[in-house]
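# A look at the structure
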Amino acid sequence: EFDKIIIDSAPGLLLPDALVLSKIADATTIVVKSGAIGKDILINLRNKFITDKSRLTGIALNFFEIDQHSHYQHKYYHKYYKSYYATAESTQKGKA
């Protein structure tokens, strides 16, 4: 008996395996390599799973390089996470 079983299938765009398996699985997560497919194609793939009544839990984005998306890095990352990380210089100033 297992608590969770993870099934990895062929890419959903090439073969229907993922859609078939999603019908018998408790949950499905789409995993996409960053930049591998366009947004419209990803939305169409997601809609296929939704139309087939799959329990889609989300989409995971692999190989995302934050340095190549500076607008994301500066507007989001710094707004929410800048205070979590201190530079050596700011740490030294705080101790003086």
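All residue numbers refer to positions counted from 1 along the written sequence of the respective chain. The predicted nature of this model means local features are confined to residues of pLDDT at least 70 and side-chain atom pairs, given and counted, to a pLDDT of 80 or more, with totals for whole chains, interfaces and linings taken over all residues. With hydrogens and water stripped out, all remaining heavy atoms of the structure feed into the side-chain values.

## Some words on the environment of Arg 55
Counting through the fold element by element, Arg 55 comes out in the loop between helix H2 (39-51) and strand S2 (56-62). Type-normalised accessible area, obtained with a 1.4 Å probe on protein chains alone, sets the label of each residue: buried when under 20%, exposed when over 50%, and partly exposed for intermediate values. The exposed category is assigned to Arg 55, whose relative accessible area is 54%. Sequence-distant contacts of Arg 55, that is, excluding residues within four places in its chain, are made with Asp 26, Ala 27 and Thr 28. Distance and chemistry together define a polar contact, namely a pair of N or O atoms within 3.5 Å, with one atom able to donate a hydrogen and the other to accept it when in protein, and with adjacent residues in sequence counting only for side-chain atoms on both sides. A distance of 3.1 Å separates the side chain of Arg 55 from the backbone oxygen of Asp 26, its partner in a polar contact. Under the DSSP-based scheme used, a helix requires at least four consecutive residues in state H or I and a strand at least two consecutive residues in state E, with every element numbered from the N terminus. Here, two residues are considered to be in contact whenever any of their heavy atoms come within 4.5 Å of each other.

## Some points on the packing of aromatic side chains
By convention, a stacked pair of Phe, Tyr or Trp rings (six-membered ring in the case of Trp) has centres within 6.5 Å and planes under 30 degrees apart, an edge-to-face pair has planes over 60 apart, and any other such pair is tilted. Within this structure, the stated rule accounts for 0 aromatic pairs. Look at NZ for Lys and CZ for Arg. If either is within 6 Å of the ring centre and within 35 degrees of the ring normal, a charge sits over the ring. The aromatic ring of Phe 63 is capped on one face by Lys 33, whose charged end is 5.6 Å from the ring centroid.

## Remarks on the side chain of Ser 54
Residue position: Ser 54 is located in the loop between H2 and S2. In this structure Ser 54 touches Ser 22, Lys 23 and Phe 49, once residues within four positions along its chain are discounted.

## Here we look at helix H1 (residues 17-24)
Listing the buried residues of H1 in full gives Ala 18, Leu 19 and Ser 22. All buried residues of H1 lie within an arc of 100 degrees about the axis, which places them on one face of the element. Pointing more than 90 degrees away from the buried face of H1 are the exposed residues Val 20, Lys 23 and Ile 24. Buried residues in H1 make contact with strand S1 (28-33) and H2. Arc, as used here, means the arc of the directions from the helix axis to the C-beta atoms.

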